[in-house]
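# Observations on the three-dimensional arrangement
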Amino acid sequence: MKVTLRVKRYDPERDRSPRWQEYTVEVEDYATVLDALIKVREEIDESLALRCSCRSHICGSCAMRINQKGGLACKTKLAEVAGDGGTVVVEPAGNLPVVKDLVVDLVPFFDKVRAVDPYLQPAGPPPEREYIASNEDMENVKGAMACILCGACVSDCTVLEVDPDFLGPAALAKAWRFVADPRDAADEERLGALSERNGIWDCTHCFMCVEVCPKDVKPMERILDLRRRAMEAGFKNNNGSRHSDAFVETIRESGRLDETKVAIRSTSGLGELLSWSGVGLRSFLHGKVPLSHKPIPGAEHVRKIFDKLETKAGEAQ
Amino acid sequence: MLQHDVLVVGAGLAGMRAALEAKKQGVDVAIMSKVYPVRSHSNAAQGGINAALSEDDSWESHAFDTVKGSDYLGDQDAIEILAKEAPQAIIELENFGVTFNRDERGRLGSRNFGGASHARTYFVGDFTGQAILHVMFEQLLRTGLTSYDEWFVTQLVKDDSGAIRGVVAMDIRTGQLHLVKAKAVVLATGGMGRVYEPSTNALICTGDGMALAYRAGALLMDMEMVQFHPTTLKANGALLSEAARGEGAYLLNKDGERFMFKYAPNKLELASRDVVSRAEQIEINEGRGVDGCVLFDLRHLGAEKIMERLPQIRELALEFAGVDIIHEPVPVRPGMHYIMGGIKTDVWGKTNLDGLFAAGECACVNVHGGNRLGANSLLETVVFGKRAGAAAAEYVKSVGDVRVSEAWLRDEEARIEGLLKRPEGEKAAALRLEMGQTMTRNVGVFRTGEQLLEAQAKIQELKQRYQRVSVGDKGRIFNTNLQFVLELENMLDLAEVVVASALFRTESRGAHTRLDYPNRDDANWLKHTVATYTAAGPKLDTRPVTITRWEPQERKY
Ligand SMILES: Cc1cc2nc3c(=O)[nH]c(=O)nc-3n(C[C@H](O)[C@H](O)[C@H](O)COP(=O)(O)OP(=O)(O)OC[C@H]3O[C@@H](n4cnc5c(N)ncnc54)[C@H](O)[C@@H]3O)c2cc1C
Ligand code: SF4
Ligand code: SF4
Ligand code: FES
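## Some details on the overall build of chain B
A count of helical and extended segments in chain B gives 16 helices and 21 strands. In terms of overall size, chain B behaves like a compact globule, its C-alpha atoms giving a radius of gyration of 22 Å where 557 residues would be expected to give roughly 24 Å. Taken over the C-alpha atoms alone, chain B extends approximately 65 × 55 × 50 Å along its principal axes. When the 557 residues of chain B are sorted by exposure, 68% land in the buried category.

In structure tokens form, the structure reads like this:
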């Protein structure tokens, strides 16, 4: 099979800005994007820089953007992204500074992992033997242990694109791993810290991390679970959980989402509210904020649904 | 100026475990690795880690299986330590946070593995190595010790007395060389799979530490003992874990015969790896293979078991052989997997060079002898990594000021400058491929003196041609090409040692099968081989094998 790789290159010692370069190679039908890149590096252009090691999607080295989507080069079959005679576009992973060609700076990535205190914090001294835990619990945690810290999710996270300080899907999935681990005793501290700025409430559920993760870690679902646990643990003094509560409350009250009320109730107080007044005014001028919301007809039915749900939830507990 | 008490080179399991232990002793520790710690090859271990933990098992049984597996070439004092310290090592990993599989009572649950008389392999699905490596990394982050990530060591540095007192390393990101001084250096640089093509090993497994130590005067022991794993995929050499055979998978020849009945009537597919690989190779050589492979059949395990316990194996087979193991057998063949040999150490990781310690796959303690049992290698990394870390920390307490000449740095700078300035010549990748294919063809499952001499000549030719290898990337920042050229030099030196050691051992034992010397020869060869560097090539000698309580017997499975 013949494929053309269109590679985004940047050599800080020579280039002022990134440039595109194309390579055409002959590869086996089962070849991956990484196989082709290695072939280029070995036979055509030794200066092409990329990270790779295991070739079997376990070391996490080769995350990059392939046809505008984050993923592992060693897990992406050329037959699926290009086909015989086709072209595949290869760029460095997103949301991290480029060091050279397909190599990005991982210092910010690992700093965020470090920021979630990523180690087991059990209560008291270790037992004489293993901690007793159910296989079910271990299987549950394993879902996140499967993360290889490749950064594909970080590359494509839509929030990181606008807010580089967001902890991001990989670090938060790592944090979840401890909260969900029955052996860890620091849930309170963890959930408290994660409820702060740049934590679990900054995710916009865009699904990108779930879609691109090569290990099916589903970071977004872990983040949503962390939110649920944080609210249950009483960490409600933050805009995220207030937003979540207000969202539900306004629907219960009027049967519809009342953005104005949600915005007001989501903030910590008048001071913060005033600091957002610019946004509010602009939204108002663009007709995004109606002055008052009328309850929808039959809003009382909505309220009944809520009541029923709550009774059900109470019974279940 | 960069200086530490203990500098650990390599951040796989052995290196991180050593660093944690040294740090615990209160000395200043740093760890250095050419890749981020979690990218290390320990990741690849799928199957599990051994320990005699259950009530009906014993360390003696584990030790005996290991001795027998080693074809009596393992040092029994070291093997006793390995087996005795295993249970505590596994418990410690669990306490660190490893999510080992559990039984119904919530305790650790185990599986069967090759060459073992009990189900004593503990595991996390089929990504045990990754799970343990990431947890060890978590512990490393917890200590906050200095970590030189993506630093590539190019040279070991000595003081005037000849003691190892640091390294020269390249910060890959900037291309700058640095002299990093240390009172002790622990090498934990892993295996050398890339000397062969194909291999189950990752691209970073280039044996750097072994080659650096060898050139500095350390002894390389039993380097002819190269393990071929029985179940690797033809397409790219990827490994299908022994866990599959542990769960009950069959090996079939082209007639659908479960041929292991002929070679190991009791243990069948779960005989030692050397035994199974030889059996496969005979079937293939005698025309009962399929396309240079035999067939690996898991269908009778059922979809559910495959999905729960072997999902990664299914994925690999699907991807690289286009076969769904739930419905069809997958073709496999023996492939280069592991080096039993390595830098000779005592049971505390001490080498014959003052100030130099080693642990993990790059070391040879020697617990694997002629053939490593599956799931004993991860165990070796944690047991002997811990010991090497402790011993190095203890050792540095008696070392005074470190005095090493800056000339080490200048010499390395000149050498690398020289490489970058070479006129366009041979390509490193082409040389590596020729080397790897030669090694697989001539120094494989079966060897003859003639084949080995041919390989020796070829490696000499390649070493000559290496002098004309050029570096296409002239920059300094993230120059993976330059790094590869340096790695190739290491690999060529090791290939030379493997061939010379294989020529030297005129018998068949463990993974080393000489068709011209087909029998085990305890009278002359119940001995280790050791290779010393000389400008003219490796000089070979022998060392006695330590036997504590298990006298050599004939080996049957
Ligand atoms: C596919 C596969 C499956 C396996 N399955 C099992 C199993 O189920 N059970 C088992 O017990 N064993 C298994 N093994 C073997 C086992 O995984 C390895 O032997 C073991 O993990 C080696 O660990 P290590 O710490 O010695 O080295 P590694 O984990 O390989 O680490 C080496 C480290 O050294 C660093 N390094 C190397 N050279 C340099 C340099 N020049 N400068 C700086 N740093 C350097 C690397 O960056 C890396 O951090 C398997 C091996 C393979 C290949
Ligand atoms: S779902 Fe959340 S964490 Fe995941 S990519 Fe989108 S914003 Fe980022
Ligand atoms: S969550 Fe998935 S995509 Fe993100 S770092 Fe982990 S393995 Fe990679
Ligand atoms: S090379 Fe290891 S994940 Fe792709």
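## A few points about the nonpolar core
By size, the foremost hydrophobic cluster in this structure holds 112 residues, and its most contacted members are Phe-109 of chain A together with Val-6, Ile-49, Leu-93, Phe-100 and Phe-384 of chain B. Domain assignment of the residues forming this core places at least three in each of domain 1 (2-104) and domain 2 (107-232) of chain A. If sequence neighbours within four positions are ignored, Phe-109 of chain A has contacts with Leu-96, Leu-149, Gly-151, Val-154 and Ala-170 of chain A. In terms of nonpolar packing, the next biggest core, distinct from the first, is built from 84 residues, Leu-179, Tyr-196, Leu-420 and Val-469 of chain B among them.

## So, the sheet that holds strand E15 (residues 342-344) of chain B
Residue and element names in this part refer to chain B. Here we have five strands laid out as an open sheet, ordered E17-E15-E10-E20-E21, and mixed in their pairing. Since the sheet does not close on itself, it has two edges, and those belong to strand E17 (363-364) and strand E21 (539-544), each with one partner. Two strands pair when backbone bridges link them, and strand E10 (residues 220-221) and strand E20 (residues 527-532) are joined in this way by two bridges, in the antiparallel orientation. Across the sheet, Leu-220 pairs through a bridge with Ala-531, a residue of E20. Across the face of the sheet, helix H5 (residues 208-216) comes into contact with E10, E15 and E20 while running at roughly 40 degrees to E15. Where helix H15 (residues 480-504) meets the sheet, its contacts fall on E10, E20 and E21, and the angle it forms with E21 comes to roughly 60 degrees.

## Regarding the packing of H5 of chain B against H15 of chain B
Residue and element names in this part refer to chain B. Contact pair H5 / H15: the axes reach a minimum separation of 9 Å and the direction vectors enclose 70 degrees. As far as their axial angle goes, H15 and H5 are roughly perpendicular. Across from Asp-208, Met-210, Ala-211, Tyr-214 and Arg-215 in H5, the residues of H15 making contact are Glu-487, Glu-489, Asn-490, Asp-493, Leu-494 and Val-497. Per-class residue counts for the contact of H5 with H15 are five nonpolar, one polar and five charged.

## Some remarks on the interface of chain A and chain B
Across the boundary between the two partners, chain A contributes 65 residues, which contact 62 residues of chain B. When chain A packs against chain B, close to 5400 Å² is buried across both sides, 52% of that on carbon and sulfur atoms. Between chain A and chain B we count eight salt bridges in total. With a shortest N-O distance of 2.7 Å, Asp-473 of chain B and Lys-100 of chain A are connected by a salt bridge. For the pair chain A and chain B, the interface holds 34 residue pairs in polar contact (both at pLDDT 80 or more).

## Considerations on the sheet that holds strand E2 (residues 19-26) of chain A
All names here are of chain A. As summarised here, the arrangement of the five strands in space is E2-E1-E5-E3-E4, forming an open sheet in which the pairing is mixed. With partners counted over all chains shown, the strands left at the sheet margins are E2 and strand E4 (69-72), one partner each. Each strand of the sheet is rotated relative to its neighbour by a mean of 35 degrees, with strand direction disregarded. Pairing of strand E1 (residues 2-9) with strand E5 (residues 87-92), which is carried by four bridges, proceeds in the parallel orientation. Paired with Arg-6 across the strands is Val-89, a residue of E5. Contacts from helix H1 (residues 33-44) reach E1, E2, strand E3 (63-66) and E5 within the one sheet, and its direction differs from that of E2 by about 95 degrees.

## Some remarks on the pairing of strand E7 (residues 151-158) of chain B
Residue and element names in this part refer to chain B. The element E7 is largely enclosed, with a buried count of six among its eight residues. Across six bridges, the pairing between E7 and strand E8 (residues 164-171) is antiparallel. Counted as the bridge partner of Phe-152 is Met-170 from E8. Taken together, E7 and the strand that follows it, E8, pair antiparallel across an intervening segment of five residues, in which Gly-162 is found at a positive phi of about 95 degrees.

## As for the site of ligand 1
Residues and elements named next belong to chain B. For ligand 1, the set of nearby residues contains 38 residues, the closest of which are Ser-40, Ser-42, Glu-361, Ser-377 and Leu-378. Here an oxygen atom of ligand 1 sits 2.9 Å away from a polar atom, N or O, in the main chain of Ala-14. In this structure, Val-35 approaches ligand 1 through a main-chain N or O atom, which is 3.5 Å from an oxygen atom. Computed on the free molecule, ligand 1 has an accessible area of 1000 Å², of which 98% lies beneath the protein chains in the complex. Of all the secondary structure elements, the ones that give two or more residues to the shell around ligand 1 are helix H1 (13-24), strand E2 (29-33), E7, strand E14 (330-339) and helix H11 (377-396). Residue composition of the shell around ligand 1, by class: 16 nonpolar, 18 polar and four charged.

## Some remarks on the domain arrangement of chain A
On domain assignment, one finds that chain A holds domain 1 (2-104), domain 2 (107-232) and domain 3 (239-316). Once you take the C-alpha centre of each, domain 1 of chain A and domain 3 of chain A turn out to be 47 Å apart.

## Overview of the site of ligand 3
Contacts to ligand 3 come from Cys-147, Ile-148, Leu-149, Cys-150, Gly-151, Ala-152, Cys-153, Ala-170, Cys-213, Pro-214, Val-217 and Pro-219 of chain A. Partitioned by chemical class, the residues of the shell around ligand 3 number eleven nonpolar, one polar and no charged.

## As for the pattern of salt bridges
Considering all chains together, one arrives at 80 salt bridges over all chains under this definition. Taking the shortest distance from any N to any O, the salt bridge between Arg-229 of chain A and Asp-225 of chain A comes out at 2.7 Å. Of this pair, Arg-229 of chain A and Asp-225 of chain A both sit in helix H10 (residues 219-232), separated by four residues, roughly a single helical turn. Salt-bridge contacts for Glu-80 of chain B lead to Arg-549 of chain B; the nearest nitrogen and oxygen are separated by 3.5 Å. Here Arg-549 of chain B lies in the segment after E21 and Glu-80 of chain B lies in helix H3 (residues 76-96), a separation of 469 residues in the sequence. Since its relative accessible area comes to 11%, Glu-80 of chain B is described here as buried. Overall, Arg-549 of chain B belongs to the partly exposed group, its relative accessible area being 47%. One network of salt bridges, in which partners are shared, links Asp-71, Asp-222, Glu-224, Asp-274, Arg-278, Arg-505, Glu-507, Arg-509, Arg-520, Asp-522 and Arg-555 of chain B.

## With respect to unusual backbone geometry
With omega at -5 degrees, the peptide bond leading from Glu-197 of chain B into Pro-198 of chain B counts as cis. Inspection of the secondary structure assignment puts Pro-198 of chain B in the loop between strand E9 (176-187) and H5. Not every positive phi belongs to a glycine, and Phe-207 of chain A is a case in point at roughly 75 degrees. Positionally, Phe-207 of chain A belongs in the loop between helix H8 (187-194) and helix H9 (208-212).

## Quick word on empty space enclosed by the protein
Evaluated as defined, the whole model comprises seven cavities of 30 Å³ or more. The computed volume of the largest cavity comes to approximately 490 Å³. Lining the largest cavity are 28 residues, with Arg-41 and Cys-52 of chain A together with Thr-480, Gln-483 and Glu-487 of chain B positioned closest to its centre. Among the secondary structure elements, those contributing two or more residues to the lining of the largest cavity are H1 of chain A together with helix H13 (428-442) and H15 of chain B. When the residues that make up the lining of the largest cavity are grouped by side-chain class, the tally is twelve nonpolar, six polar and ten charged. Around the second largest cavity, the lining is made up of 15 residues, and of these Arg-51, Ser-61, Ala-63, Val-104 and Leu-106 of chain A lie nearest the centre. Of all the secondary structure elements, the ones that give two or more residues to the lining of the second largest cavity are E3 and strand E7 (103-104) of chain A.

Definitions and cut-offs
Residues numbered from 1 in each chain as written. Chains lettered and ligands numbered in written order. Predicted model: local features only at pLDDT ≥ 70, side-chain atom pairs only at ≥ 80, totals over all residues. Heavy atoms only, no water. Helix = DSSP H or I, 4+ residues; strand = E, 2+ residues; numbered from the N terminus. Rg over C-alpha atoms; globule rule 2.2 N^0.38 Å. Buried < 20%, exposed > 50% of the residue type's maximum accessible area, 1.4 Å probe, protein only. Core = buried A, V, L, I, M, F, W, Y, C linked by side-chain atoms within 4.5 Å. Domains from an automatic or database assignment. Contact = heavy atoms within 4.5 Å. Pairing = 2+ DSSP bridges. Axes fitted to C-alpha atoms, helices over the stretch in contact; angles between N-to-C directions. Parallel < 35°, antiparallel > 145°, perpendicular 65-115°, else oblique. Nonpolar A, V, L, I, M, F, W, Y, C, P; charged D, E, K, R; others polar. Buried area = accessible area lost by both parts, 1.4 Å probe. Salt bridge = Lys/Arg side-chain N within 4 Å of Asp/Glu carboxyl O. Polar contact = N/O pair within 3.5 Å; in protein donor to acceptor, adjacent residues only side chain to side chain. Near = heavy atom within 4 Å. Areas by Shrake-Rupley, 256 points an atom, 1.4 Å probe, with all protein chains shown as cover. 1 Å grid on protein atoms, 1.4 Å probe; cavity = no way out; pocket = protein on both sides within 12 Å on 5 of 7 lines; lining within 4 Å. Points joined across faces, edges and corners; volume = space filled by probe spheres on them.

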